[in-house]
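Below, each chain spelled out in residue letters.
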Amino acid sequence: MRRLAFTMAEILLSLTIIGVVAAITLPSLTGNINERTWNTQRKALYARISQAVALMPALNGFGNYNATYNSEGSLNITEDTAAETFIASGLSKVLKINNICDNQHLADCGIVSSYTNFLGSASSIPTTLKELNPFFTNQNGAFVNPQAHVNTKAVAFESANGESILTFYNPICSSADMVYSDSSGYIYIQPKMCVNFIYDLNGNRGPNTVGKDIGFITVLYPTDSIVVAPVL
């Protein structure tokens, strides 16, 4: 009686084919799973931030800052702890926060030093309002009073759901009808920005890429439950 069976060569060939197919398809499957997870987390985070902001009595009522005048008579606001006070005294009252990290210890809250931007190249994480957008301290100014300079330092916090969130706070944000425009007619939207969040859904685990685990939330004046992406 003859017994039929696969040869060792046939078994190895079959395993090789299965391995190649798996190597091709698994990254795509993993990527799709990650995308769905990030989308779910992102929607949940937007909802929580929106609800928290709606419960706050005023966005620009937190944080003390020291105002001084330079030799040219321009007002300079260089408060180091305004964003920290905003989180500790305001946001933490309406949003569950596990940990707050000052400007010198952002990594302790899972904030990475660089990320991959929309163009696919590496960018450094901004740590002050000026680094976020130079018009916050530009003489042509983003503010009702173009002489007012504000350059508060960013502070990070970890949410109860595990997101790492870098926070930029503007203590003198103003209403939409007070937007400053220069002589060319260009309108600056910066004065309406009260808070800008850069969030990382999974801390420093990666891929640390905008549009995936990293994104932006901007809260504009006046206090509203609607949060939008920043104007670029």
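Attention now goes to the packing of aromatic side chains. A full pass over the atoms with the stated rule returns 3 aromatic pairs. Ring centres 6.2 Å apart and planes at 85° place the aromatic pair Tyr46 and Tyr199 in the edge-to-face group. On the criterion of sequence distance, the pair formed by Tyr46 in helix α1 (residues 8–55) and Tyr199 in strand β9 (residues 193–200) is long-range, its members being 153 residues apart. Residue Tyr46 is classed as partly exposed on the basis of its relative accessible area, which comes to 24%. Since its relative accessible area comes to 3%, Tyr199 is described here as buried. With a centroid separation of 4.5 Å and 15° between ring planes, the pair formed by Phe86 and Tyr169 is classed as stacked. Of this pair, Phe86 sits in helix α2 (residues 82–90) while Tyr169 is found in strand β8 (residues 164–169), placing the two residues 83 residues apart along the sequence.

Residues Leu59, Phe86, Leu91, Val195 and Phe197 are the most contacted members of the largest nonpolar core, which totals 25 residues. Per-element tally for this core: the top contributor is α1, with 5 residues. One finds Val112, Ile125, Met193 and Ile198 within the second-largest nonpolar core, a separate group that totals 19 residues.

Let us now look at unusual backbone geometry. A cis amide bond, omega 10°, links Gly206 with the succeeding residue Pro207. Its location among the elements puts Pro207 in the loop between β9 and β10 (214–220). Positive phi outside glycine occurs at Asn208, with the angle close to 55°. Tracing the backbone through its elements, the reader meets Asn208 in the loop between β9 and β10. Taking relative accessible area as the criterion, Asn208 reaches 12% and is therefore assigned buried.

In a beta sheet, neighbouring strands pair by backbone hydrogen bonds and run either parallel or antiparallel. Read from one edge to the other, the open sheet built from 5 strands follows the order β3-β7-β8-β9-β10, with strand pairing classed as antiparallel. Here the strands that pair on one side only, and so sit at the sheet edges, are β3 (97–101) and β10. For this sheet the average axis-to-axis angle between neighbouring strands, irrespective of direction, equals 25°. The pairing of β8 with β9 spans 6 bridges and is classified as antiparallel. Along β9, the bridge assignment pairs Tyr169 with Val195. Against the sheet, α2 contacts β3, β7 (155–159), β8 and β9, and its axis sits at roughly 120° relative to β8.

The rules behind the values
- Residues numbered from 1 in each chain as written.
- Predicted model: local features only at pLDDT ≥ 70, side-chain atom pairs only at ≥ 80, totals over all residues.
- Heavy atoms only, no water.
- Phe/Tyr/Trp six-rings, centres within 6.5 Å; stacked < 30°, edge-to-face > 60°.
- Helix = DSSP H or I, 4+ residues; strand = E, 2+ residues; numbered from the N terminus.
- Buried < 20%, exposed > 50% of the residue type's maximum accessible area, 1.4 Å probe, protein only.
- Core = buried A, V, L, I, M, F, W, Y, C linked by side-chain atoms within 4.5 Å.
- Pairing = 2+ DSSP bridges.
- Axes fitted to C-alpha atoms, helices over the stretch in contact; angles between N-to-C directions.
- Contact = heavy atoms within 4.5 Å.

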